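# Report on the structure
Residue-level listing of the chains:
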Amino acid sequence: QVRLVESGGGLVQAGGSLRLSCTASGRTFSPYAVAWFRQVPGKEREFVSSITWRGGSTYYADSVQGRFTTSRDNAKNTVYLQMNSLKPEDTAVYYCAARQVVSGVYDTWGQGTQVTVSS
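### Focus: the pairing of strand β4 (residues 33-39)
Among the seven residues of β4, six are classified as buried, and the element is accordingly described as predominantly covered. Alignment of β4 against strand β5 (residues 46-52), held across six bridges, turns out to be antiparallel. Note that in β5 the partner of Phe-37 across the bridge is Phe-47. Across seven bridges, β4 lies against strand β9 (residues 92-99) in antiparallel orientation. Bridge pairing in β9 places Gln-39 opposite Val-93.

### So, the nonpolar core
Of all hydrophobic cores here, the largest spans 27 residues; its most connected members are Leu-4, Phe-29, Trp-36, Phe-68, Leu-81, Met-83 and Tyr-94. Secondary structure elements with two or more residues in this core: β3 (18-25), β4, β5, β8 (78-83), β9 and β11 (113-118). If we ignore the near neighbours within four places in the chain, the residues touching Tyr-94 are Glu-6, Leu-20, Trp-36, Phe-37, Arg-38, Val-48, Phe-68, Leu-81, Met-83, Gly-112, Thr-113 and Val-115. In terms of nonpolar packing, the next biggest core, distinct from the first, is built from five residues, Ala-33, Phe-37, Ala-97 and Tyr-106 among them.

### Some remarks on the side chain of Thr-70
Note on placement: Thr-70 falls in strand β7 (residues 68-73). A polar contact of 2.9 Å, which involves the side chain of Thr-70, links it to the backbone oxygen of Tyr-80. Not counting residues up to four positions away in its chain, the partners in contact with Thr-70 are Trp-36, Ser-49, Ser-50, Ile-51, Thr-58, Tyr-60, Val-79, Tyr-80 and Leu-81.

### Section: the packing of aromatic side chains
Two measures describe an aromatic ring pair: the distance that separates the ring centres and the angle between the ring planes. Counted according to the given criterion, the structure contains four aromatic pairs. Pairing Phe-37 with Trp-109 gives two aromatic rings, centres 4.9 Å apart and planes at 45°, and the pair type is tilted. Taken together, the positions of Phe-37 in strand β4 and Trp-109 in strand β10 (residues 108-109) put the pair 72 residues apart, joining distant regions of the chain. Cluster of aromatic residues (ring-pair linked, three or more members): Phe-37, Phe-47, Tyr-106 and Trp-109. Here Arg-45 stacks its cationic end above the ring of Tyr-95, 4.6 Å away from the centre of that ring. The lysine or arginine in question, Arg-45, covers the ring of Trp-109, its NZ or CZ lying 4.3 Å from the ring centre.

### Here's the deal with unusual backbone geometry
Of note, Asn-77 is a non-glycine position whose phi angle comes to about 50°, a positive value. You can see Asn-77 is positioned in the loop between β7 and β8. Overall, Asn-77 belongs to the partly exposed group, its relative accessible area being 23%. Phi is positive for Ser-85, which is not a glycine, with a value near 50°. Relative accessible area serves as the criterion here: at 42%, Ser-85 is assigned to the partly exposed category.

### Quick word on the environment of Asn-77
When the C-alpha positions of Asn-77 and Cys-22 are compared, they lie 8.3 Å apart, and in sequence the two are 55 residues distant. Sequence-distant contacts of Asn-77, that is, excluding residues within four places in its chain, are made with Cys-22, Thr-23, Ala-24, Phe-29 and Trp-53.

What counts, and where the lines are drawn
- Residues numbered from 1 in each chain as written.
- Predicted model: local features only at pLDDT ≥ 70, side-chain atom pairs only at ≥ 80, totals over all residues.
- Heavy atoms only, no water.
- Buried < 20%, exposed > 50% of the residue type's maximum accessible area, 1.4 Å probe, protein only.
- Helix = DSSP H or I, 4+ residues; strand = E, 2+ residues; numbered from the N terminus.
- Pairing = 2+ DSSP bridges.
- Core = buried A, V, L, I, M, F, W, Y, C linked by side-chain atoms within 4.5 Å.
- Contact = heavy atoms within 4.5 Å.
- Polar contact = N/O pair within 3.5 Å; in protein donor to acceptor, adjacent residues only side chain to side chain.
- Phe/Tyr/Trp six-rings, centres within 6.5 Å; stacked < 30°, edge-to-face > 60°.
- Lys NZ or Arg CZ within 6 Å of the ring centre and 35° of its normal.

In structure tokens form, the structure reads like this:
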């Protein structure tokens, strides 16, 4: 069974940067795609970005387009989320998730990492 572990969260001032990592362990990791989501207490989980594991195609929510960049290191079974020009509204718990097939759902989730952006 695959396990996803996020790291890299923390407290940063508005305008600053953070890089989150999502590392997979367990059996061979070869998903169709890995995504980042975020959630604020009392609100629905929000899609942030995704990347296909083989081709490296990336997709972003409008709210982070141009500020966030997702990348992957297949050899390390790791996906990154580089977050620049952070805003207080980016404050949330960030989760990574994997889905196995193009038409599937994200069925493997990490435990989340807190990102707090102070104004």
